[in-house]
Each structure stands twice: as C-alpha cells, then as structure tokens.
Amino acid sequence: MEIRTDSTSLDIDRHEGNLIKELRSSSTKPVTEPSGWLSEDLKRNIFLTTVDNVLNWGRKSSLWTETAFTACCTFEFISLSSSRFDIARFGMEVLRSSPRHADLIITAGTLTWKMAPQIKRVYEQMAEPKWVIAMGACGITGGIFADSYSVVPGYNRILPIDVYIPGCPPRPEALLAGIELLRKKVEKRSFLQG
Ligand code: SF4
C-alpha cells in the first residue's frame, strides 16, 4: 500500500503491520554468512593479495558502527567506548547515525518484530562491505524473551551475522574479543568480495 498525504493513522498502522507480517513470514531460517557464498578459488586469488592487504588494513582499522542499540546490552558497549577499554585504538570511536557512513552493526539488545523492518532497512542502506556482530543472548537467539510473540528469535533471522558474542550481557572484554575476531575476518576478505 502506498502511504499518501491523506492517509489516516489507521492506514499507516495497517501498512506497518503488513510489512512486519511479510518480513516475519519470510524470516524462518538463519541468513547464510556471506563469505560462504564464494568459491575457494576466488578467496585464494594470489594476484590481488597485495591490494587486499592494503584495503583490509584500512577497513579493519576504521570500523564505524551504526547506532542500532535496542536494549540493555547497550550499556556494555558504552562501557567499551570509555577510556578504560578505549576502542579508539581500533578506529571505532566514531558512532554513526547514518547507515551510509557505517560498515558495522553491533546488535546490542533484544529486537522486536515491530523494529525488525527498520533494522533490515538500515542494513540494506549500508554500503558494501559491511559486517554484523550479534551481541548478547537476545541478539543471538532472542534470549529469555525468545518465546515471546513480539521478539525476533535472533538477528540472524533478518541479517547475515559475522560474529556471535554470547552473554547476558557480554562483558566489554568479551566484546573486545569479538571485535578482534571480526578484524581477523576483515583481514581475510578478498577484493573480489567487494
Ligand atoms: S542479552 Fe541480557 S543484557 Fe543483553 S539485551 Fe538481552 S536481557 Fe539485556
């Protein structure tokens, strides 16, 4: 349905409800992790290795995070941004409010179906290459709310996840370990992947 200027709030609610229903019915299985799509031959392309190294060094040293913080795990991320843990070491201190400026989503919190279409839209608006870290039990499986009618049982129902960080909430040290894993993954990315 098209939202027109004379649409009533009931029309807009119905439109939003239809979007959520559509996303929910098409999100029954985890999304495949992106590096699995490429053949081993392409991943090992020797000619492009030097270009890969330079690009990946730049990418892993300036991971900019989209602010998509939906619940209590957020506070551990805030702690990670403090001087004690100092994520500026990894060029990550810049949080972006625009998906077009970000290449990483850290899913800090419970996701409801009501918010799911917006989070998916934010991910789709990010330029390639882009990565997602699922932080905390809620981000991975829906956590203690997994059986609720309103909660998405894991961000991997709607986004491809690169790194999972368990915990409720995970401590900043665990988050740092997850970021290090992601940096290693970024290092291995091939230019042919975008
Ligand atoms: S995993 Fe725990 S701390 Fe994190 S959002 Fe869920 S309930 Fe909150």
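Here, the structure is the one placed above.
A brief look at the structure comes next.

Definitions and limits used
Residues numbered from 1 in each chain as written. Predicted model: local features only at pLDDT ≥ 70, side-chain atom pairs only at ≥ 80, totals over all residues. Heavy atoms only, no water. Helix = DSSP H or I, 4+ residues; strand = E, 2+ residues; numbered from the N terminus. Buried < 20%, exposed > 50% of the residue type's maximum accessible area, 1.4 Å probe, protein only. Contact = heavy atoms within 4.5 Å. Areas by Shrake-Rupley, 256 points an atom, 1.4 Å probe, with all protein chains shown as cover. Near = heavy atom within 4 Å. Nonpolar A, V, L, I, M, F, W, Y, C, P; charged D, E, K, R; others polar. Phe/Tyr/Trp six-rings, centres within 6.5 Å; stacked < 30°, edge-to-face > 60°. Lys NZ or Arg CZ within 6 Å of the ring centre and 35° of its normal.

### Some thoughts on the overall build of the protein
For step 1, the next point in the chain: Within the protein, the secondary structure is distributed over 7 helices and 5 strands.
For step 2, the next point in the chain: What you see in the protein, going N to C, is helices and strands ordered as α-α-α-β-α-β-β-α-β-α-β-α.
For step 3, the next point in the chain: A buried classification covers 40% of the 194 residues belonging to the protein.
For step 4, the next point in the chain: At a minimum sequence separation of 6, the contacts of the protein that also span at least 24 residues come to 82%.
For step 5, the next point in the chain: As presented, the protein carries roughly 10900 Å² of accessible surface, and 58% of it is formed by carbon and sulfur atoms.

### Notes on the site of the ligand
For step 1, the next point in the chain: In the vicinity of the ligand, the contacting residues are Ala 71, Cys 72, Cys 73, Gly 109, Thr 110, Ala 137, Cys 138, Gly 167, Cys 168 and Pro 169.
For step 2, the next point in the chain: Per-class residue counts for the shell around the ligand are 7 nonpolar, 3 polar and no charged.

### What about the packing of aromatic side chains?
For step 1, the next point in the chain: Tallied over the entire structure, the rule returns 0 aromatic pairs.
For step 2, the next point in the chain: Its guanidinium or amino end placed over the ring of Tyr 123, Lys 130 lies 4.2 Å from that ring's centre, counting from NZ or CZ.

### Remarks on unusual backbone geometry
For step 1, the next point in the chain: Pro 129 follows Glu 128 through a cis peptide bond whose omega is -5 degrees.
For step 2, the next point in the chain: With respect to the element layout, Pro 129 can be found in the loop between helix H5 (116–125) and strand E4 (131–135).
For step 3, the next point in the chain: Omega for the peptide link from Cys 168 to Pro 169 comes to -10 degrees, which places this bond in the cis form.
For step 4, the next point in the chain: Take Pro 169: it is sitting in the loop between strand E5 (163–165) and helix H7 (172–187).

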